[in-house]
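# Residue-level structure breakdown
One letter stands for each residue in the lines below.
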Amino acid sequence: MRHQPRVVIIGAGGHGRVMLDVLRCQGTAEVVGFVDDAPGLQGSTAHGLPVLGTVEDLVKLRHQGIEAFVAAIGDNAIRAKKFACATEAGLAPWDAIHPSAVIAADVTWAPGVQVVAGVVVNTGAQLGNNVILNTACSVDHDCRVGDHCFIGPGARLGGTVKIEEGAFLGIGAIILPNLRVGAWSTVGAGAVVTRDVPARVVVVGCPARPVSSQKHQP
Ligand SMILES: CC(C)(COP(=O)(O)OP(=O)(O)OC[C@H]1O[C@@H](n2cnc3c(N)ncnc32)[C@H](O)[C@@H]1OP(=O)(O)O)[C@@H](O)C(=O)NCCC(=O)NCCS
């Protein structure tokens, strides 16, 4: 039987469970367990698999034969940090892609992409490192999605949209064609973006407007 890389999932919460399902459906890696920094989880089980330690333990786990990781954390800034820790520990980012996703042949992505069930990525799109494309979102032709972005369930990107590093799009957000969402900005659930969004703001509504929010991204 062909060797299957041993993969650990960083984050034992809801998105970790989704990634476990994606990896099992994908069927090309052996998921050995989770790591999670939340106190008290280590040594327990999550979703039927062991919690093997914290991110601090990744070097030790690499010496035990674990080769790759998926950073299954919805918060973009935290996911970016864990991604950096895991690659520094010598693990490779694993591309977790659900078999029901439809991805055009010329789409390119950097390592560590997470593509959940029902996603469509159209021709010419480019995805950065550690990007999450959540359930049934669509990324249309020639879009650019930067490193560490999160595209929420059912979100829709028109053609040639640019989503800059670390931007977060909530459930069902719509970005009209040719627009840009600036780095580390948040687009609220259900928002319709009709103009460029600057960096590091939160926008909500239809048409989307800036809102004062407690949610901060670096
Ligand atoms: C936009 C968002 C980030 C704001 O978060 P927050 O800072 O905790 O929100 P607040 O409760 O402080 O909201 C600030 C104001 O914006 C409004 N608001 C919040 N989210 C909104 C949304 N999506 N659409 C319209 N208005 C919204 C609130 O009603 C509030 O208005 P008020 O000041 O008149 O009462 C959040 O509401 C959101 O939409 N997150 C996306 C979640 C998501 O889709 N996650 C993916 C899970 S898989």
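Calculation criteria
- Residues numbered from 1 in each chain as written.
- Predicted model: local features only at pLDDT ≥ 70, side-chain atom pairs only at ≥ 80, totals over all residues.
- Helix = DSSP H or I, 4+ residues; strand = E, 2+ residues; numbered from the N terminus.
- Buried ≥ 20, exposed ≤ 12 C-beta atoms within 10 Å, placed from the backbone.
- Contact = placed C-beta atoms within 7 Å.
- Pairing = 2+ DSSP bridges.
- Domains from an automatic or database assignment.
- Core = buried A, V, L, I, M, F, W, Y, C linked by C-beta atoms within 7 Å.
- Expected span 1.5 Å × (residues − 1).

### Topic: the overall build of the protein
Assigned secondary structure in the protein consists of three helices and 25 strands. Dimensions along the principal axes, computed over C-alpha positions, put the protein at roughly 50 × 40 × 25 Å. When the 218 residues of the protein are sorted by exposure, 42% land in the buried category. Across the protein, every contact between residues at least 6 apart in sequence was considered, and the portion connecting residues at least 24 apart equals 31%.

### Re the sheet that holds strand β1 (residues 6-10)
Strand order in this open sheet of four strands is β2-β1-β5-β6, and the pairing throughout is parallel. Every other strand in the sheet has two partners, leaving β2 (30-35) and β6 (92-93) as the edge strands with one partner each. Note that β1 and strand β5 (residues 68-71) share four bridges and pair parallel. Residue pairing in the sheet places Val8 in a bridge with Phe69 of β5.

### Some thoughts on the domain arrangement of the protein
According to the domain assignment, the protein contains domain 1 (6-94) and domain 2 (95-204). When each unit is reduced to the centre of its C-alpha atoms, the spacing between domain 1 and domain 2 is 23 Å. Between domain 1 and domain 2, the residue contacts involve 17 residues of the former and 16 residues of the latter. Looking at the side of domain 1 that touches domain 2, the elements with two or more residues in it are α1 (14-26), β5, α3 (76-88) and β6. Sorting elements by how many residues they give to the side of domain 1 that touches domain 2 places α1 first, with six residues.

### Describing the sheet that holds strand β8 (residues 102-103)
Overall, parallel pairing links the six strands, which are arranged β8-β11-β14-β17-β20-β23 in an open sheet. Since the sheet does not close on itself, it has two edges, and those belong to β8 and β23 (192-193), each with one partner. Pairing geometry for β8 and strand β11 (residues 120-121), over two bridges, is parallel. Bridge assignment links Ile103 to a residue of β11, and that residue is Val121.

### A look at the nonpolar core
Here is a general trend for soluble globular proteins: nonpolar side chains tend to be buried in one another's company. Ranked by size, the top nonpolar core spans 67 residues in total, and within it Val8, Ile10, Val70, Leu133 and Ile151 carry the most contacts. Here this core takes five residues from α1, the largest share from any one element. Built from parts of two domains, this core gets at least three residues from each of domain 1 (6-94) and domain 2 (95-204). Filtering out sequence-adjacent residues up to four positions away, Leu133 remains in contact with Gln114, Val115, Val116, Val119, Val121, Val139 and Ile151.

### Some remarks on α3
With 13 residues, α3 ought to run about 18 Å at 1.5 Å a step, and its terminal C-alpha atoms sit 18 Å apart, in line with that. Listed in full, the buried residues belonging to α3 are Asn76, Arg79, Ala80, Lys82, Phe83, Cys85 and Ala86. Lining the buried residues of α3 we find β1, α2 (58-63), β5, β6, β16 (150-151) and β19 (168-169). Looking one or two residues past α3, Gly90 carries a phi angle of roughly 95°, positive in sign.

### What about unusual backbone geometry?
Backbone torsion omega between Cys206 and Pro207 reads -5°, so that peptide bond is classified as cis. Mapped onto the elements, Pro207 comes out in the loop between β24 (202-204) and β25 (209-210). Even without being a glycine, Trp184 presents a positive backbone phi close to 60°. Here Trp184 shows up in the loop between β21 (180-181) and β22 (186-187). Given 22 C-beta atoms within a 10 Å radius, Trp184 is considered buried. Backbone geometry places Arg200, a non-glycine residue, at a positive phi of 60°. Within the fold, Arg200 resides in the loop between β23 and β24.

### Looking at the environment of His98
Relative to the helices and strands, His98 is located in the loop between β7 (96-97) and β8. For His98, a count of 20 C-beta atoms within 10 Å puts it in the buried group. Separated by 94 residues in sequence, His98 and Val192 have C-alpha atoms that sit 27 Å apart. Once you skip the residues sitting within four places of it in the chain, His98 turns out to touch Val22, Cys25, Gln26, Val115, Val116 and Ala117.

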